[in-house]
Amino acid sequence: MERYVIKGGTPLSGEVEVGGAKNAALGLLAAAIMTDEDVTIENLPDVSDINQLIDAIANIGATVTRNDRHTVTINGSTIRSHVVDYEQMRKIRASYYLLGALLGKMSQAEVALPGGCNIGSRPIDQHLKGFRALGADIITDHGMVNAKADILTGSHIFLDVVSVGATINVMLAAVRAEGRTVIENVAKEPHVVDVANMLNSMGANIRGAGTDKIRIQGVPKLHGTVYSTIPDQIEAGTFMCAAAATGGEILIKNVIPRHLESISSKLMEMGCTVIEYDDAVRVKAGDFIRSAKVKTQPYPGFPTDMQPQMAAVMTLAHGSSTITESIFENRFKYVDELNRMGAQVKVESNTAFLTGVGSLEGAEVSAPDLRAGAALVIAGLAAHGFTTVNDILYILRGYERFDEKLRNLGAIITQVDSEKEEQKFKLKAG
């Protein structure tokens, strides 16, 4: 079983380059199948979620060319099936984007219900509400969602809750619907804007992405494009927290500082220095970490995908901190693992109460999901002694060369798959 072994206590320093945004790239890949011309997507992260979706797209007949590790060209003219029952699709959340893309392209789609990290209830009822408003008939049976329409017709859609997935999925279908679609109460996240921008570069007519109302004028067809994925704000935020927790200083390159403002402002409140450049941020830890309060909110608020990493920093703060989770109800499964390392965290309802302990002790812990796994790595980097993080397949879903990038910053960390390798590393590091 693959795991990370970490010897903590080394302040991280140096430069790190952030890859493309996983959450944006998943939507871009789905959009790429909607034309019969070549679509080339650059700056893709080389992580398992992305590679599984690319495999699924090839599995339905699209022509897929891996130009290099971070670039793919997709041509949807050879798609021979609207059914996506690829086994790996049941393991990743964003498989549902193929529903909107295939419905828009072929007026029918049958896709396995999505999986992904178990961080709480993530129903797709708003996706289906949007598809029905566009004229699709929906049947859910035996773990598959079947959507079919004679003609997709523009409509006025109000999402009951702000949902990134539903916003992107309905947008994908609506670009090929006849007439005008207005979607209100939509998500404003950077990856929503990124998918809209790529669709527009393919000939779509989308206005208002990044605001709470998106207006779409349907078009009869889309054409090819070359498009580059935005930088990953969550990967960048993870390295920002790693700098703060280890008492280090990191220059994080290939970022859009505006996307990081909620994270930057919170770290500055906690005593860090954050300097913004055109496409980079420098984070320098303060003399000590101050306590703080965080409440997760839709963008531009503090991202739910960053709260576990921020919790790892807060365990080391002076005083008491709180994190209120308002997006997913099951996002505190990492708390027991942090407490194994000497943290003092208790959860009541949707709020975690953290009493700063000044220092953590290495322990054997298990990653319960993607972002929680990253938080446990941060905790291990800051802790005394050795930490073993099990179940890192979750982490590999969303972070490319995570241990390598950390080593380049001075971290003592390696990936092993046996007890023998772990012991060898500990002897050498010790």
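First, a word on scope: everything that follows refers to the structure included in this document. Keep in mind that this is a model prediction, so the values were computed, not measured.

## Some thoughts on empty space enclosed by the protein
Moving on, step 1. Under the defined criterion, the tally for this structure stands at two cavities of 30 Å³ or more.
Moving on, step 2. Looking at the largest cavity, the residues that line it are G19, G20, P45, V47, D232, E235, G398, Y399, E400 and K405.
Moving on, step 3. Of the residues contributing to the lining of the largest cavity, the split by class is three nonpolar, three polar and four charged.
Moving on, step 4. In this model, the second largest cavity occupies a volume close to 40 Å³.
Moving on, step 5. Surrounding the second largest cavity, P231, D232, Q233, V255, I256, H259 and L260 form its lining.
Moving on, step 6. When grouped by side-chain class, the residues that make up the lining of the second largest cavity number four nonpolar, two polar and one charged.

## Looking at the environment of A285
Moving on, step 1. Residue placement: A285 occurs in the loop between β17 (280-284) and β18 (293-295).
Moving on, step 2. Taking the relative accessible area as the measure of exposure, A285 reaches 15% and is therefore buried.
Moving on, step 3. Spatially, the C-alpha atom of A285 lies 8.8 Å from that of V274, the residues being 11 residues apart in sequence.
Moving on, step 4. Apart from residues no more than four positions distant in its own chain, A285 is found in contact with A243, A244, G247, G248 and C272.

## Side note on the packing of helix α9 (residues 307-314) against helix α11 (residues 370-382)
Each pair of packed helices can be summarised by the angle the axes make with each other and by the distance between the axes.
Moving on, step 1. Close contact between α9 and α11 brings their axes to 7 Å; oriented N to C, the two are set at 20°. It follows that α9 is roughly parallel to α11 by the angle criterion. Relative to α11, α9 is oriented so that their crossing is right-handed. Only R371, A372, A374, A375, I378 and A379 of α11 make contact with α9, whose side of the interface consists of P308, Q309 and A312.
Moving on, step 2. Across the contact of α9 with α11, the residue classes break down as seven nonpolar, one polar and one charged.

## As for unusual backbone geometry
Moving on, step 1. Between Y299 and P300 the backbone carries a cis peptide bond, its omega angle lying at 15°.
Moving on, step 2. Considering the arrangement of structural elements, one finds P300 in the loop between β18 and α9.
Moving on, step 3. Residues other than glycine seldom take positive phi values, yet S107 does so here, at roughly 65°.
Moving on, step 4. Relative to the assigned elements, S107 resides in the loop between α3 (97-106) and β7 (108-112).
Moving on, step 5. Take S107: its relative accessible area is 23%, and that puts it in the partly exposed class.
Moving on, step 6. With a phi angle near 60°, D391 is a residue other than glycine that sits in the positive phi range.

## Considerations on helix α1 (residues 22-32)
Moving on, step 1. The buried count for α1 comes to 10 of 11 residues, which makes it a mostly enclosed element.
Moving on, step 2. All of the buried residues in α1 are K22, A24, A25, L26, G27, L28, L29, A30, A31 and A32.

## Observations regarding the pattern of salt bridges
Opposite charge on two side chains lets them pair, provided their charged atoms get close.
Moving on, step 1. The final tally for this structure, using the stated rule, is 20 salt bridges.
Moving on, step 2. The residue R3 makes a salt bridge to E419 at a minimum N-O spacing of 3.6 Å. With R3 in strand β1 (residues 3-7) and E419 in helix α14 (residues 419-429), the pair connects residues that are 416 residues apart, well separated along the chain.
Moving on, step 3. Given the relative accessible area of 52%, E419 is considered exposed.
Moving on, step 4. Across the pair K253 and E15 runs a salt bridge, and its minimum N-O distance is 3.3 Å. Separated by 238 residues along the polypeptide, K253 in strand β15 (residues 249-253) and E15 in strand β2 (residues 13-17) bring together distant segments of the chain.

## Considerations on the sheet that holds strand β24 (residues 412-416)
Moving on, step 1. If you walk across this open sheet you meet the four strands as β22-β23-β1-β24, and the pairing is mixed. Looking at which strands have only one partner, the edges of the open sheet turn out to be β22 (364-366) and β24. With strand direction ignored, the average angle separating the axes of adjacent strands in the sheet is 20°.
Moving on, step 2. With five bridges connecting them, β1 and β24 associate as antiparallel partners. By the bridge assignment, Y4 is partnered in β24 with Q415.
Moving on, step 3. The strands touched by α11 are β1, β22, β23 (386-390) and β24; relative to β1, the strand with the most contacts, the crossing angle is about 25°.

## Let's talk about the pairing of β23
Moving on, step 1. Within β23, four of the five residues are buried, which leaves it mostly tucked inside the rest of the structure.
Moving on, step 2. Of the pairings in the sheet, the one linking β1 to β23 comprises four bridges and is antiparallel in character. Looking across to β23, one finds that I6 is bridged to T387.
Moving on, step 3. Of the pairings in the sheet, the one linking β22 to β23 comprises three bridges and is parallel in character.

Conventions used here
- Residues numbered from 1 in each chain as written.
- Predicted model: local features only at pLDDT ≥ 70, side-chain atom pairs only at ≥ 80, totals over all residues.
- Heavy atoms only, no water.
- 1 Å grid on protein atoms, 1.4 Å probe; cavity = no way out; pocket = protein on both sides within 12 Å on 5 of 7 lines; lining within 4 Å.
- Points joined across faces, edges and corners; volume = space filled by probe spheres on them.
- Nonpolar A, V, L, I, M, F, W, Y, C, P; charged D, E, K, R; others polar.
- Helix = DSSP H or I, 4+ residues; strand = E, 2+ residues; numbered from the N terminus.
- Buried < 20%, exposed > 50% of the residue type's maximum accessible area, 1.4 Å probe, protein only.
- Contact = heavy atoms within 4.5 Å.
- Axes fitted to C-alpha atoms, helices over the stretch in contact; angles between N-to-C directions.
- Parallel < 35°, antiparallel > 145°, perpendicular 65-115°, else oblique.
- Left-handed = near helix turned anticlockwise from the far one by under 90°.
- Salt bridge = Lys/Arg side-chain N within 4 Å of Asp/Glu carboxyl O.
- Pairing = 2+ DSSP bridges.

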